[in-house]
Amino acid sequence: MSVSLADLRGRNPEIFTDGCPTRTVLDHVMGKWGVLVLLALSDGTQRWGVLRRNVAGISEKMLASTLKTLEGDGLVLRTAYPEVPPRVEYALTDRGRDLMTRVIPLMEWVADNADDIVARRD
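As a starting point, this report considers the structure included with it. Predicted model only: the values in this text are computed from it and were never measured. (Residues numbered from 1 in each chain as written. Predicted model: local features only at pLDDT ≥ 70, side-chain atom pairs only at ≥ 80, totals over all residues. Heavy atoms only, no water.)

**Topic: the side chain of Thr-66**
And step 1. Mapped onto the elements, Thr-66 comes out in helix α5 (residues 60-72).
And step 2. Thr-66 sits in the buried class, given a relative accessible area of 10%.
And step 3. Beyond its immediate stretch of four places on either side in the chain, Thr-66 contacts Trp-33, Gly-34, Val-37 and Ile-58. (Helix = DSSP H or I, 4+ residues; strand = E, 2+ residues; numbered from the N terminus. Buried < 20%, exposed > 50% of the residue type's maximum accessible area, 1.4 Å probe, protein only. Contact = heavy atoms within 4.5 Å.)

Here's what the structure looks like:
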């Protein structure tokens, strides 16, 4: 089933226009680090260090910022345990898991086609 931008705008003329909440969510979810953090968490609950290793190349500052944003959006759950040393785990919420059922096929397509697409540019 294919839906076009015109179809979406038939439901809401402001969708994906400047200032629309859809643009904010799209930026959070599909930005370089947001999508990679969400993809890593689709494998299950992870602690900070494991998550940072699974999202190769992300700085500590960017990981902290991205997690805070995704937590604020209700896509990631942060659980801090009162232990010594402190233990914090991150997991997808129900909404985050629902989102990833839709994003993972896109990520599979990217993985399947990236080499050919990049080779065309060379």
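From this point, the narrative continues.
**Section: the layout of surface pockets**
And step 1. When its volume is computed, the largest pocket comes out at roughly 550 Å³.
And step 2. Lining the largest pocket are 15 residues, with Phe-16, Val-25, Leu-26, Leu-99 and Arg-102 sitting closest to its centre.
And step 3. Secondary-structure elements contributing two or more residues to the lining of the largest pocket are α2 (21-30) and α6 (94-121). (1 Å grid on protein atoms, 1.4 Å probe; cavity = no way out; pocket = protein on both sides within 12 Å on 5 of 7 lines; lining within 4 Å. Points joined across faces, edges and corners; volume = space filled by probe spheres on them.)

**Quick word on the packing of aromatic side chains**
And step 1. Considering all chains together, one arrives at zero aromatic pairs under this definition.
And step 2. In this structure, Arg-87 is placed above the aromatic ring of Tyr-81, and the distance from its NZ or CZ to the ring centre is 3.8 Å. (Phe/Tyr/Trp six-rings, centres within 6.5 Å; stacked < 30°, edge-to-face > 60°. Lys NZ or Arg CZ within 6 Å of the ring centre and 35° of its normal.)

**Re the nonpolar core**
And step 1. In terms of nonpolar packing, the biggest core is built from 22 residues, with Val-37, Leu-38, Leu-41, Leu-51, Leu-67 and Val-76 touching the most fellow members.
And step 2. Counting residues per element, the ones that place at least two in this core are α3 (32-41), α5, β3 (87-92) and α6.
And step 3. Broken down by element, the residue count for this core peaks at six residues, all from α3.
And step 4. Setting aside chain neighbours within four positions, we find Leu-67 in contact with Val-37, Leu-41, Trp-48, Leu-51, Val-76 and Tyr-90. (Core = buried A, V, L, I, M, F, W, Y, C linked by side-chain atoms within 4.5 Å.)

**Side note on the environment of Val-50**
And step 1. Among the structural elements, Val-50 can be located in helix α4 (residues 48-54).
And step 2. We classify Val-50 as partly exposed; its relative accessible area is 35%.
And step 3. Between the C-alpha atom of Val-50 and that of Glu-60, which follows or precedes it by ten residues, the distance is 12 Å.

**Quick word on the pattern of salt bridges**
And step 1. Enumeration according to the criterion identifies six salt bridges in this entry.
And step 2. In this structure, Asp-18 engages Arg-23 in a salt bridge whose closest nitrogen and oxygen atoms are separated by 4.0 Å.
And step 3. Since its relative accessible area comes to 71%, Asp-18 is described here as exposed.
And step 4. Given the relative accessible area of 40%, Arg-23 is considered partly exposed.
And step 5. Between Arg-52 and Glu-60 there is a salt bridge, and its shortest N-O distance comes to 3.3 Å.
And step 6. Each of Glu-83, Arg-87 and Glu-89 takes part in one network of salt bridges that share partners. (Salt bridge = Lys/Arg side-chain N within 4 Å of Asp/Glu carboxyl O.)

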